[in-house]
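Observations on the three-dimensional arrangement
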Amino acid sequence: MASPKKKLQGLVAATITPMTENGEINFSVIGQYVDYLVKEQGVKNIFVNGTTGEGLSLSISERRRVAEEWVTQGRNKLDQVVIHVGALSLKESQELAQHAAEIGADGIAVIAPFFLKPWNKDVLINFLQEVAATAPALPFYYYHIPALTGVKIRAEELLDGIQDKIPTFQGLKFSDTDLLDFGQCVDQNHQRQFALLFGVDEQLLSGLVMGATGAVGSTYNYLGKKTNQMLEAFERKDFSLALNYQFCIQRFINFVVKLGFGVSQTKAIMTIVSGIPMGPPRLPLQRATREFTDHAEAKLKSLNFLSFAGLKDGHLEACG
Ligand SMILES: CC(=O)N[C@H](C=O)[C@@H](O)[C@H](O)[C@H](O)CO
Ligand SMILES: CC(=O)C(=O)O
């Protein structure tokens, strides 16, 4: 069994991998990035080398060094550092899982292999099990993101009996809009032992209503504070205020989605909001255009997402 750590709760920022203008990883800003998340966004958990971190576009040695840097910089500042160790090669995934354990990460997550794919639940579980077994002391999370992996095995099906196969299983990151599937994951989690983390930031409030215990996402890098206010309103059962916050966040996400939104754009937005240079993405992604950046910045300003001070709680107009 994994050491029964404190359950992963609240917001988890899917970290960006900062890069230099010539495409190398910019390790030098990671310490500053940790402080920014904790102090400015109130976010104390991170998910490293995932989608937003371009984890699958990094070499294995880069992934190891990135993971190490986040763990080192996060020590005594962050609550939990979860490392995504999914890869097409089981061997690489195992190497990364073992490495995550060695460096003292708090958990590992794995996506379904997405080129040669598992076609049923049992095969997927076998793959995950072999990765999890190389880090027997680390909490294991399945990262469900069917739109990107093309592996559409439903999460509720996967969860059924999973701890018999993977004793370190601690939960999942659910990046899909199928609330029937998500709800059924919550429904079968009777003992509430798993962290069921919702991964569609613009719909988090629906995820909370359905029983999400936390959330992992790209926007918590720069909208963490705002989203935390939504979580607090939800906790207080002030649902109309929570909805105001969700709408406010949706206005921004909807705006950038219409301009074309992905990891490259997340890097550009985070650079604007935090002032920390995230650099360009790596091919096959392309840098966000100047036009995107200008429009996004204007929208951030008009929603008052650039200066958090002075926003009066409860006023929908405040971000309109
Ligand atoms: C596909 C993708 O990257 N999803 C992210 C996490 O899973 C989300 O955090 C989104 O970036 C976010 O919900 C905005 O659409
Ligand atoms: C959003 C997320 O969890 C990721 O970037 O992997």
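Residues numbered from 1 in each chain as written. Chains lettered and ligands numbered in written order. Predicted model: local features only at pLDDT ≥ 70, side-chain atom pairs only at ≥ 80, totals over all residues. Heavy atoms only, no water.

Per an unreviewed UniProt entry, the recorded name for the protein is N-acetylneuraminate lyase, and the organism is Castor canadensis.

Details of the overall build of the protein
If you tally the helices and strands in the protein, you get 13 helices and eight strands. Buried positions account for 55% of the 320 residues belonging to the protein. Once local pairs closer than 6 in sequence are excluded, the contacts in the protein between residues at least 24 apart make up 74%. In the structure as shown, the protein presents an accessible area of about 13900 Å², 52% of it carried by carbon and sulfur atoms. Here the protein contributes 31 positive and 33 negative side-chain charges, whose respective centroids are spaced 3 Å apart. (Helix = DSSP H or I, 4+ residues; strand = E, 2+ residues; numbered from the N terminus. Buried < 20%, exposed > 50% of the residue type's maximum accessible area, 1.4 Å probe, protein only. Contact = heavy atoms within 4.5 Å. Areas by Shrake-Rupley, 256 points an atom, 1.4 Å probe, with all protein chains shown as cover. Lys, Arg positive; Asp, Glu negative; His and termini not counted. Charge placed at Lys NZ, Arg CZ, Asp CG, Glu CD.)

Section: a nonpolar patch on the surface
Residues Leu-88, Phe-115 and Leu-116 make up a contiguous nonpolar surface patch of roughly 390 Å² in combined accessible area. Here Leu-88 is to be found in the loop between strand E3 (80-84) and helix H3 (90-103). (Patch = residues over 30% accessible without salt bridge, like charges linked within 9 Å, V, L, I, M, F, W, Y side chains within 5 Å. Salt bridge = Lys/Arg side-chain N within 4 Å of Asp/Glu carboxyl O.)

A few points about the site of ligand 1
Close contacts around ligand 1 come from Thr-51, Tyr-143, Ile-145, Lys-173, Ser-175, Gly-199, Val-200, Asp-201, Glu-202, Gly-217, Ser-218 and Phe-261, and that covers them all. Residue Ser-175 places a side-chain N or O atom 2.7 Å away from an oxygen atom belonging to ligand 1. Within the side chain of Glu-202, a nitrogen or oxygen atom sits 2.6 Å from an oxygen atom of ligand 1. Taken by itself ligand 1 offers 380 Å² of open surface, and the protein chains cover 79% of this. A per-class count over the shell around ligand 1 returns four nonpolar, five polar and three charged. (Near = heavy atom within 4 Å. Polar contact = N/O pair within 3.5 Å; in protein donor to acceptor, adjacent residues only side chain to side chain. Nonpolar A, V, L, I, M, F, W, Y, C, P; charged D, E, K, R; others polar.)

Examining the site of ligand 2
Residues in close proximity to ligand 2 include Ala-14, Phe-47, Gly-50, Thr-51, Thr-52, Tyr-143, Lys-173, Val-216, Gly-217 and Ser-218, which together make up its full environment. Backbone polar atom of Thr-51 to an oxygen atom of ligand 2: 2.8 Å apart, as the coordinates give it. Between ligand 2 and Thr-52 there is a distance of 2.6 Å, counted from an oxygen atom to a side-chain nitrogen or oxygen. Protein contacts shield 93% of the accessible area of ligand 2, which totals 210 Å² for the unbound molecule. Grouping the amino acids of the shell around ligand 2 by side-chain chemistry returns four nonpolar, five polar and one charged.

Looking at the pattern of salt bridges
Under the counting rule described, the total for this entry stands at nine salt bridges. The partner of Arg-154 in a salt bridge is Glu-156, with the nearest N and O atoms 2.6 Å apart. Ionic pairing is found between Lys-301 and Glu-297, a salt bridge with its closest N-O pair at 3.5 Å. In this pair, Lys-301 and Glu-297 both sit in helix H13 (residues 290-302), four residues apart, roughly one turn of the helix.

What to know about the sheet that holds strand E4 (residues 107-111)
Around the barrel, eight strands lie side by side as E1-E2-E3-E4-E5-E6-E7-E8; this closed barrel has parallel pairing. Here the average twist between neighbouring strands, direction ignored, is 25°. By the bridge criterion, four bridges tie strand E6 (residues 169-174) to strand E7 (residues 195-198) in an arrangement that is parallel. Counted as the bridge partner of Leu-172 is Leu-196 from E7. Packed on one face of the sheet, helix H2 (residues 60-74) meets strand E2 (45-48) and E3 and runs near 175° to E3. (Pairing = 2+ DSSP bridges. Axes fitted to C-alpha atoms, helices over the stretch in contact; angles between N-to-C directions.)

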